[in-house]
Amino acid sequence: MKMLVTGGAGFIGANFVHYTVKNRPEHDVTVIDKLTYAGNEANLAPVANKITFVKGDICDVELMDKLVSETDIVVHFAAESHNDNSLRDPWPFVNTNIVGTYTILEAVRKHGKRLHHISTDEVFGDLELDDPNRFTETTPYNPSSPYSSTKAGSDMLVRAWIRSFGIKATISNCSNNYGPYQHIEKFIPRQITNILSDIKPKLYGTGEQVRDWIHVDDHNEAVHLIIDKAPMGETYIIGADNDHVNNKQVIEMICEAMGKPKDWYEHVNDRPGHDLRYAMDSGKLRRELGWQPKYTDNNGMMEALKTTAQWYDEHRDWWQADKQAVEANYAKQGQ
Ligand code: NAD
Ligand code: TDX
């Protein structure tokens, strides 16, 4: 099967391509990626001779028409993905996440191709800290930030193209990922690379916020299952039941995993509009498609954090050149 992966030079997309080449060699993979600050062709170096790479923009109508016409399925990861950046400059988020997804949908509609759209738990907004409920596939959308609202917009477009034009598409909404190749602007790699640079980890506000952490390989296995088995038009929540650790506890786990005292971190300014709690009910995916995450409890997460920290330690060339600029940007916001 010919598979076009958008955003395949970014964090989750690159891990998806590695996973696909290793475990699903029957797929003939082409990656389209604009190589923004978040994309890095080096992320695909280990599989470079097994895939085709195209540098380009998903908003480019002609290019997407051609690439979609040549594939069997589009797996759509490309997005502007960082909330803090969306608060500083929302336009690239509106353009890539909404106009880019629209461009892909039109090409998919014209050529009758299959689409899997990758989305996020953030489309649902947040839960109160003491709310025991979890998001499901039928939770109404209530996004908070420019990032999450543009992802919500992109999901709505996909839903409408399924219903109005009958395109063959599925959607997945996943919780916070971690693992190798994640940009160091994001919470977990920022703290790991802080410690590796002898800088104290930075916790926004009180750190009581809860994210439902999932290892990127668990996410990508779910995406493959959906591609293989899901009925057309369906949406699946992906989450590994890690909604019991707050940001403060995650920082403490990272400190512990890297041999620092648990309290070796500092509080910095909070994020405006900071979502409190995300929690995902992935029952439908488990029941209907038989998905099981590998890194579920605190022990699993601790081990995965250690492996992730080791990856950043062993790949300093991959991140060190960006570290100063990323921290300088955060420092401007007192973060
Ligand atoms: P990322 O920022 O690491 O990677 C995004 C990739 O998209 C980069 O390689 C970038 O160059 C590329 N890109 C951006 N704009 C483009 C454009 N106009 N044309 C072509 N390529 C473009 O993001 P990520 O964390 O890997 O997220 C991937 C997808 O997964 C996104 O859709 C995101 O919303 C979703 N998601 C992320 C998480 C998470 O925790 N990171 C959780 C749930 C869902
Ligand atoms: O230095 C930090 N300190 C801190 O306390 C950073 C960068 C973040 N935080 C907090 C903010 C969040 O509560 O940690 C939590 C995680 O922050 P991010 O890594 O920025 O992730 P989040 O905003 O939750 O969004 C992520 O998960 C959902 C991804 O970036 C999105 O692309 C995905 O859709």
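Anything mentioned here points back to the structure above.
Heads up: these notes are all about the structure in this document.

What counts and what doesn't
Residues numbered from 1 in each chain as written. Chains lettered and ligands numbered in written order. Predicted model: local features only at pLDDT ≥ 70, side-chain atom pairs only at ≥ 80, totals over all residues. Heavy atoms only, no water. Pairing = 2+ DSSP bridges. Helix = DSSP H or I, 4+ residues; strand = E, 2+ residues; numbered from the N terminus. Axes fitted to C-alpha atoms, helices over the stretch in contact; angles between N-to-C directions. Contact = heavy atoms within 4.5 Å. Salt bridge = Lys/Arg side-chain N within 4 Å of Asp/Glu carboxyl O. Buried < 20%, exposed > 50% of the residue type's maximum accessible area, 1.4 Å probe, protein only. Near = heavy atom within 4 Å. Polar contact = N/O pair within 3.5 Å; in protein donor to acceptor, adjacent residues only side chain to side chain. Areas by Shrake-Rupley, 256 points an atom, 1.4 Å probe, with all protein chains shown as cover. Right-handed = clockwise from strand over helix to strand, strands pointing away. Left-handed = near helix turned anticlockwise from the far one by under 90°. Nonpolar A, V, L, I, M, F, W, Y, C, P; charged D, E, K, R; others polar. Phe/Tyr/Trp six-rings, centres within 6.5 Å; stacked < 30°, edge-to-face > 60°. Lys NZ or Arg CZ within 6 Å of the ring centre and 35° of its normal.

**Remarks on the sheet that holds strand S2 (residues 28–33)**
Sheet strands pair via backbone hydrogen bonds, and the direction of the pair is either parallel or antiparallel.
Next up, step 1: Spatial ordering of the open sheet is given by S3-S2-S1-S4-S5-S6-S10, a layout of seven strands whose pairing is parallel. Two strands lie at the open edges of the sheet, namely strand S3 (52–55) and strand S10 (235–238), each paired on one side alone. For this sheet, the mean inter-axis angle between neighbouring strands, taken without regard to orientation, is 20°.
Next up, step 2: Here four bridges tie strand S1 (residues 2–6) to strand S4 (residues 73–76), and the two strands are oriented parallel to one another. What sits directly across from valine 5, in S4, is valine 75.
Next up, step 3: With respect to the sheet, helix H1 (residues 11–23) is in contact with S1, S2 and S4, its orientation differing from that of S1 by roughly 160°.
Next up, step 4: In the packing of helix H7 (residues 216–229) onto the sheet, contacts are made with S1, S4, strand S5 (114–120), strand S6 (168–174) and S10, and the angle to S5 comes to roughly 150°.

**Structural notes on the pattern of salt bridges**
Next up, step 1: Throughout the structure, instances matching the rule amount to 20 salt bridges.
Next up, step 2: Close ionic contact of lysine 186 with glutamate 185 constitutes a salt bridge, the shortest N to O distance being 3.6 Å. By the burial criterion, lysine 186 is buried, and glutamate 185 matches it.
Next up, step 3: Ionic contacts of the salt-bridge type, sharing partners, join the residues Arg134, Asp241, Asp243, Arg277 and Arg286 into one network.

**Topic: the site of ligand 2**
Next up, step 1: Not every one of the 21 residues close to ligand 2 is listed here, only the nearest: Glu122, Tyr147, Arg190, Arg271 and His274.
Next up, step 2: Serine 81 is positioned such that a nitrogen or oxygen atom in its backbone is 2.8 Å from an oxygen atom of ligand 2.
Next up, step 3: Contact between ligand 2 and tyrosine 147: an oxygen atom at 2.5 Å from a side-chain N or O atom of the residue.
Next up, step 4: When ligand 2 sits alone it has 650 Å² of accessible area, and the protein chains cover 95% of it.

**Quick notes on the side chain of serine 154**
Next up, step 1: Relative to the assigned elements, serine 154 resides in helix H5 (residues 146–165).
Next up, step 2: The exposure class assigned to serine 154 is buried, which follows from its relative accessible area of 1%.
Next up, step 3: Setting aside residues up to four positions removed in sequence, serine 154 forms contacts with Asn97, Thr101 and His117.

**Some remarks on the site of ligand 1**
Next up, step 1: Taken together, 28 residues surround ligand 1, and among them Ile12, Asp33, Ser81, Tyr147 and Lys151 come closest.
Next up, step 2: Between threonine 36 and ligand 1, the recorded distance is 3.0 Å, taken from a backbone N or O atom to an oxygen atom.
Next up, step 3: At 2.6 Å from an oxygen atom of ligand 1 is found a side-chain nitrogen or oxygen belonging to lysine 151.
Next up, step 4: Summarising the interface, the protein chains cover 97% of the accessible area of ligand 1, which totals 830 Å² for the free molecule.

**So, the pairing of S6**
Next up, step 1: Most of S6 is tucked away: six of the seven residues are buried.
Next up, step 2: As paired elements, S5 and S6 share seven bridges and run parallel to each other. Across the sheet, the residue bridging to arginine 114 is lysine 168, located in S6.
Next up, step 3: A crossover connection joins S5 to the parallel S6 through H5; in handedness this β-α-β unit is right-handed.

**Some details on the pairing of S4**
Next up, step 1: The alternating pattern of S4 places Ile73 and Val75 on one face and Val74 and His76 on the opposite face, and all of these are buried.
Next up, step 2: Where S4 meets S5, four bridges bridge the pair, whose relative direction is parallel. If you follow valine 75 over to S5, its bridge partner there is histidine 116.

**Quick look at the packing of H1 against H7**
Next up, step 1: At their nearest, the axes of H1 and H7 sit 10 Å apart, and the two run at 65° to each other. Judged by the twist between their axes, the crossing of H1 over H7 is right-handed. When H1 is examined against H7, the residues Phe11, Ile12, Asn15, Phe16, Tyr19 and Thr20 are found in contact with a partner set consisting of Val216, Asp217, His219, Asn220, Glu221, Val223, His224 and Ile227.
Next up, step 2: When grouped by side-chain class, the residues that make up the contact of H1 with H7 number seven nonpolar, five polar and two charged.

**Quick notes on the packing of aromatic side chains**
Next up, step 1: Per the stated rule, a full pass over the model turns up 13 aromatic pairs.
Next up, step 2: Between phenylalanine 16 and phenylalanine 77, the ring centres sit 5.1 Å apart and the planes meet at 50°, which makes this aromatic pair tilted. Here phenylalanine 77 lies in the loop between S4 and helix H3 (83–88) and phenylalanine 16 lies in helix H1, a separation of 61 residues in the sequence.
Next up, step 3: Assessed through its relative accessible area of 0%, phenylalanine 16 is described here as buried.
Next up, step 4: Summarising the aromatic geometry, the rings of tryptophan 311 and tryptophan 318 are spaced 5.2 Å apart at their centres and angled 75° between planes, so their arrangement reads as edge-to-face.
Next up, step 5: Of the aromatic side chains, those joined through ring pairs into one cluster are Tyr181, Trp311, Tyr312 and Trp318.
Next up, step 6: The side chain of arginine 109 reaches across the aromatic face of phenylalanine 165, ending 3.8 Å from its centre.
Next up, step 7: In this structure, arginine 190 is placed above the aromatic ring of tyrosine 330, and the distance from its NZ or CZ to the ring centre is 3.8 Å.

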